[in-house]
There are 2 protein chains.
Amino acid sequence: MRNLQSIGMEKGLLYETIITTQDANRKPNAAPIGVICRGVNEVVIYLHEGSQTSRNIKANRRFIVNILKDPLRFVESTLGTPPLNHFDQYRDDFYLKDTDAFFSATVKDIKDIVKKDDLGPSKLSIITAEVDDIKIKRDQVEPLNRAIFAILEALIYLSRMEIADKDTATIYSGKIRDMSRIVSRVGGSEHKKAMNTILEALENRDE
Amino acid sequence: MRNLQSIGMEKGLLYETIITTQDANRKPNAAPIGVICRGVNEVVIYLHEGSQTSRNIKANRRFIVNILKDPLRFVESTLGTPPLNHFDQYRDDFYLKDTDAFFSATVKDIKDIVKKDDLGPSKLSIITAEVDDIKIKRDQVEPLNRAIFAILEALIYLSRMEIADKDTATIYSGKIRDMSRIVSRVGGSEHKKAMNTILEALENRDE
């Protein structure tokens, strides 16, 4: 029996995916959503209240997570809904035809919270779900995790600080701290260890 | 015979790697370098004048490209040189012990140029090299390309613009344009097409 490890998902990391759902009229929907791997068969997602994905998942208590890297599918599902012919059907569910892999998940728990960030308070639902069926469509499946890229970005700024003036260095220092926040949110223990080393190097410079 | 396709490298894309070289005393060195795939057996790299990697490659006309995603190795090789026990030897060359894959490359051409950017002029060498031997050490090899991450980042800012005030929206617009520059530099045609759609959506908002 396959589990999330078979598609390269590690516990504790957040992956960038596209979630497909359907409404009461069986109209499919796709939206880019970060999926946290909580265990070999459990995921957690945070959904904004009022989004189509949130409405569909609350109604059906079920969703499909598509693992892919196709940039056009991410753009398309952010700006609107992909055309019907980009979806395919597996039993009663819709998934994205071009996906590298996908899995279905059944909701176990829904918790509604209010989160405050720099854009003000927003209503979120924390959905915990159990993974049912995992389907692999391509040889090479690699779920997208942003941590290593945030680290590379931070390292680029850290290197450039060597030759930057004071004002530019302050901007770079801010960017490194932005990257550190991404790593805390999406990364695993090795990523966090790496980012701590970067922050230490940054602090030694600041003094 | 293996070629760059067998480790997932596509023509035209720039990958984040760690290049290992050695000096005249056979002391190994490692540095994070972007490697452009120019064909199934050809790569191009841009090196800063005076860097240890540049000196070593100019002396030996040879280098090793390590394909890996280990965050600590990237941090270590940016901040200094990894300890000797992190290297391993393949024939006369050094590679990183933990790498997912590596290949050796022989220099075909060196062109010295002066490049001007926002930090002033800098001397660079453009090195064209032919790929010799490719060694795969792990089942799943996936060379790091930043384009899809720049696109995801741009999409996050584009979505947030819906609820941002005017000043914040201007900052987000700047960040999307930064991401677009990364995609032009490191991405393939699908990434560029995706980024153009994002920029069009941004311009339609701006009006």
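Because the structure is predicted, anything quoted here is derived from the model rather than measured. (Residues numbered from 1 in each chain as written. Chains lettered and ligands numbered in written order. Predicted model: local features only at pLDDT ≥ 70, side-chain atom pairs only at ≥ 80, totals over all residues. Heavy atoms only, no water.)

A. The arrangement of the interface of chain B and chain A in detail. At the interface, 39 residues of chain B touch 39 residues of chain A. Here chain B packs against chain A, burying approximately 3300 Å² in sum over the two surfaces, 71% of which is carbon and sulfur. Close ionic contact of A:Glu142 with B:Lys69 constitutes a salt bridge, the shortest N to O distance being 2.3 Å. Counting the contacts that link chain B with chain A gives six residue pairs in polar contact (both at pLDDT 80 or more). Put simply, the parts of the chain that give the side of chain B that touches chain A at least two residues each are α2 (71-79), α3 (147-160), α4 (166-186) and α5 (189-206) of chain B. It is α3(B) that provides the largest number of residues to the side of chain B that touches chain A, a total of 10 residues. Considered class by class, the residues forming the side of chain B that touches chain A number 22 nonpolar, six polar and 11 charged. (Contact = heavy atoms within 4.5 Å. Buried area = accessible area lost by both parts, 1.4 Å probe. Salt bridge = Lys/Arg side-chain N within 4 Å of Asp/Glu carboxyl O. Polar contact = N/O pair within 3.5 Å; in protein donor to acceptor, adjacent residues only side chain to side chain. Helix = DSSP H or I, 4+ residues; strand = E, 2+ residues; numbered from the N terminus. Nonpolar A, V, L, I, M, F, W, Y, C, P; charged D, E, K, R; others polar.)

B. Here's a closer look at unusual backbone geometry. In this structure, A:Arg91 takes a positive phi of about 50° despite not being glycine. Taking relative accessible area as the criterion, A:Arg91 reaches 64% and is therefore assigned exposed. (Buried < 20%, exposed > 50% of the residue type's maximum accessible area, 1.4 Å probe, protein only.)

C. Seen up close, the packing of aromatic side chains. On inspection of all chains with the given rule, the structure shows nine aromatic pairs over all chains. Ring geometry for B:Phe87 versus B:Phe94: centroids 6.2 Å apart, planes at 80°, classification edge-to-face. Neither residue differs from the other here; B:Phe87 and B:Phe94 are each classed as buried. Feature note: the residues A:Tyr90, A:Tyr95 and A:Phe102 constitute an aromatic cluster, connected by ring pairs. (Phe/Tyr/Trp six-rings, centres within 6.5 Å; stacked < 30°, edge-to-face > 60°.)

D. Up close: the sheet that holds strand β3 (residues 42-48) of chain B. Residues and elements named next belong to chain B. An order of β1-β2-β3-β8-β7-β4 is seen for the six strands of this closed barrel, with the pairing classed as antiparallel. Each strand of the sheet is rotated relative to its neighbour by a mean of 45°, with strand direction disregarded. Contacting β1 (14-22), β2 (28-39), β3, β4 (62-67), β7 (101-117) and β8 (120-136), helix α1 (residues 52-60) runs over the sheet at an angle of about 65° to β1. (Pairing = 2+ DSSP bridges. Axes fitted to C-alpha atoms, helices over the stretch in contact; angles between N-to-C directions.)

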